[in-house]
Amino acid sequence: MPKILIVGGGYAGFYTALKLERALRPGEAEVTMVDPLPYMTYQPFLPEVVAGSIEPRHAVVSHRRHLVKTNVVTAKVTNINHATKTATITPAVGEAWDVDYDIIVVTAGSVSRTFPIPGVADEAIGLKNIEEAVEIRDRILTNFDKAANLPAGPERDRLLTFTVVGGGFAGIEVFGEMRSLASALLRYYPNLTFDDTHFHLIEAMGRIMPEVSLKTSLWVIKNLAQRGAEIHLETQLSSAVGGKIEMS
Ligand SMILES: Cc1cc2nc3c(=O)[nH]c(=O)nc-3n(C[C@H](O)[C@H](O)[C@H](O)COP(=O)(O)OP(=O)(O)OC[C@H]3O[C@@H](n4cnc5c(N)ncnc54)[C@H](O)[C@@H]3O)c2cc1C
């Protein structure tokens with residue numbers, strides 16, 4: 001029986017397995033899907049998880065619960081040898097092993113880029129998985145609690161200043177959701193005001209959201225500015241060391 005190996009159980013890998021379960025006749029092929037995470041993350045919902053309008057568990061889909069005919073392996077593929085048609089599977093605990101395949105589908109997704117910008121790898125939070133979305137939300141909530149105990153000044157300003165790097169669709173979406181969350185939180189913190197919160201988005205290009213028309217992108221910039229969220233175009237992040245943002 002032909003063996004199909006799917007590397008990665010994110011959106012593309014999960015749906016490949018699901019469609020194969022529906023399309024293949026019994027005994028037509030053996031399908032294995034390997035991912036270190038036990039669930040598929042629906043990334044378009046991550047900004048809403050940050051804002052709290054969607055529960056984290058509603059943005060993920062359990063592999064084992066929904067893929068009943070696929071051989072689900074919770075581990076990493078650490079090597080692929082196309083010449084011998086074998087792949088190495090490495091689990092979090094225990095020894096690695098090799099599997100052979102006839103067809104391989106590589107859908108291992110992407111990672112947030114940190115570039116060689118000092119401080120980014122240590123200080124920044126990416127937005128590719130559910131844990132990162134929850135971490136951003138936690139950071140905002142915790143910073144509000146800390147700031148509420150401080151007098152006005154640089155330390156309080158620092159806690160209430162949030163920066164997003166990247167003005168693509170995902171960056172703008174999470175920026176808007178973070179701003180909304182902060183505005184909604186203010187009612188619970190009588191000693192903090194709208195003017196105490198600061199939101200900045202840094203974008204290297206001369207526009208945001210290349211996926212939409214220029215007119216729409218300009219409207220978004222204006223709308224965010226009215227909501228107290230500033231976008232810095234043609235600006236690059238040069239350092240984030242110690243949580244201090246430097247732009248060039
Ligand atoms: C915040 C945000 C908002 C978005 N909004 C939209 C939107 O509104 N509309 C839209 O069309 N798209 C949107 N996208 C993009 C869309 O989510 C991605 O294009 C899509 O998730 C890509 O699917 P994928 O399967 O290629 O990768 P992923 O969904 O990232 O999945 C990759 C999987 O591979 C696994 N993996 C990684 N390395 C290995 C390995 N060595 N071995 C085994 N498994 C591995 C990972 O654990 C992960 O589960 C958004 C993305 C983000 C981040």
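Residues numbered from 1 in each chain as written. Predicted model: local features only at pLDDT ≥ 70, side-chain atom pairs only at ≥ 80, totals over all residues. Heavy atoms only, no water.

Peer 1: What should I look at first to understand the nonpolar core in this one?
Peer 2: The nonpolar side chains of a soluble globular protein tend to be buried, and buried together. Among the nonpolar cores identified, the biggest contains 36 residues, and Ile140, Phe144, Ile172, Phe175, Met178 and Ile231 are the most heavily contacted of them. Those elements that provide at least two residues to this core are α2 (46-51), α5 (130-147), β10 (161-165), α7 (169-185), β11 (198-202), α8 (214-226) and β12 (229-232). In terms of residue count, α7 provides more of this core than any other element does, 7 residues in total. Here this core gathers at least three residues from each of two domains, domain 1 (3-106) and domain 2 (120-247). If you look at the next biggest cluster of nonpolar residues, it comprises 11 residues, including Phe14, Met33, Met40 and Val72. (Core = buried A, V, L, I, M, F, W, Y, C linked by side-chain atoms within 4.5 Å. Buried < 20%, exposed > 50% of the residue type's maximum accessible area, 1.4 Å probe, protein only. Helix = DSSP H or I, 4+ residues; strand = E, 2+ residues; numbered from the N terminus. Domains from an automatic or database assignment.)

Peer 1: Just to check I follow, could you spell out the pattern of salt bridges for this structure?
Peer 2: A side chain of one charge can pair with a side chain of the opposite charge if their charged atoms are brought near each other. Enumeration over the complete set of coordinates arrives at 5 salt bridges. Put simply, Arg25 and Glu28 hold a salt bridge, and the shortest N to O gap is 3.6 Å. Look at Arg25 and you get exposed, because its relative accessible area is 60%. With its nearest N and O atoms 3.3 Å apart, the salt bridge here joins Glu155 to Arg158. Taken together, the residues span about one helical turn, with Glu155 and Arg158 both in helix α6 (residues 154-159) at a distance of 3 residues. For Glu155, a relative accessible area of 40% gives the class partly exposed. (Salt bridge = Lys/Arg side-chain N within 4 Å of Asp/Glu carboxyl O.)

Peer 1: Looking at this structure, I do not really get the sheet that holds strand β1 (residues 3-7). What am I missing?
Peer 2: Consider a sheet: its strands pair through backbone hydrogen bonds, and that pairing is either parallel or antiparallel. Spatially, 4 strands are ordered β5-β2-β1-β9 in an open sheet, and the strand pairing comes out parallel. Because the sheet does not close on itself, it has two edges, and the strands there are β5 (71-74) and β9 (103-106). Sheet twist, expressed as the mean angle between neighbouring strand axes with direction ignored, is 15°. Across the face of the sheet, helix α1 (residues 11-23) comes into contact with β1, β2 (30-35) and β9 while running at roughly 155° to β1. (Pairing = 2+ DSSP bridges. Axes fitted to C-alpha atoms, helices over the stretch in contact; angles between N-to-C directions. Contact = heavy atoms within 4.5 Å.)

Peer 1: Sorry, what's going on with the packing of aromatic side chains here?
Peer 2: Two numbers describe a pair of aromatic rings. These are the distance of the centres and the angle of the planes. The full count for this structure, using the stated rule, is 7 aromatic pairs. Centroid distance Tyr42 to Phe45: 4.8 Å. Interplanar angle 80°. Geometry classified as edge-to-face. Residue class for Phe45 comes out partly exposed when judged on its relative accessible area of 31%. Cluster of aromatic residues (ring-pair linked, three or more members): Tyr11, Phe14, Tyr15, Tyr42 and Phe45. (Phe/Tyr/Trp six-rings, centres within 6.5 Å; stacked < 30°, edge-to-face > 60°.)

Peer 1: What exactly am I supposed to notice about the domain arrangement of the chain here?
Peer 2: How big an interface is tends to be expressed through the accessible area that disappears when the partners come together. Partitioning the chain into domains gives domain 1 (3-106) and domain 2 (120-247). Taking the mean C-alpha position of each, domain 1 and domain 2 sit 33 Å from one another. Summed over both partners, the interface of domain 1 with domain 2 comes to about 1200 Å²; 66% of that surface belongs to carbon and sulfur atoms. Three residues, Leu46, Pro47 and Val50, lead the burial of domain 1 against domain 2; their summed loss comes to 46% of the area buried on that side. Counting the contacts that link domain 1 with domain 2 gives 0 salt bridges. On inspection of domain 1 and its partner domain 2, the count reaches 4 residue pairs in polar contact (both at pLDDT 80 or more). Where the side of domain 1 that touches domain 2 is concerned, the elements lending two or more residues are β3 (39-41) and α2. (Buried area = accessible area lost by both parts, 1.4 Å probe. Polar contact = N/O pair within 3.5 Å; in protein donor to acceptor, adjacent residues only side chain to side chain.)

Peer 1: Is there a simple way to explain the site of the ligand in this structure?
Peer 2: Taken together, 20 residues lie near the ligand, and Ala12, Asp35, Gln43, Val77 and Leu127 sit nearest. Within the backbone of Tyr11, one N or O atom sits 3.2 Å away from an oxygen atom of the ligand. A distance of 3.0 Å is found between a nitrogen atom of the ligand and a backbone nitrogen or oxygen belonging to Val77. In the complex, 67% of the free accessible area of the ligand, which totals 1000 Å², lies under the protein chains. Every element with two or more residues in the shell around the ligand is listed here: α1, β2 and β6 (76-81). Tallied by class, the residues present in the shell around the ligand amount to 12 nonpolar, 6 polar and 2 charged. (Near = heavy atom within 4 Å. Areas by Shrake-Rupley, 256 points an atom, 1.4 Å probe, with all protein chains shown as cover. Nonpolar A, V, L, I, M, F, W, Y, C, P; charged D, E, K, R; others polar.)

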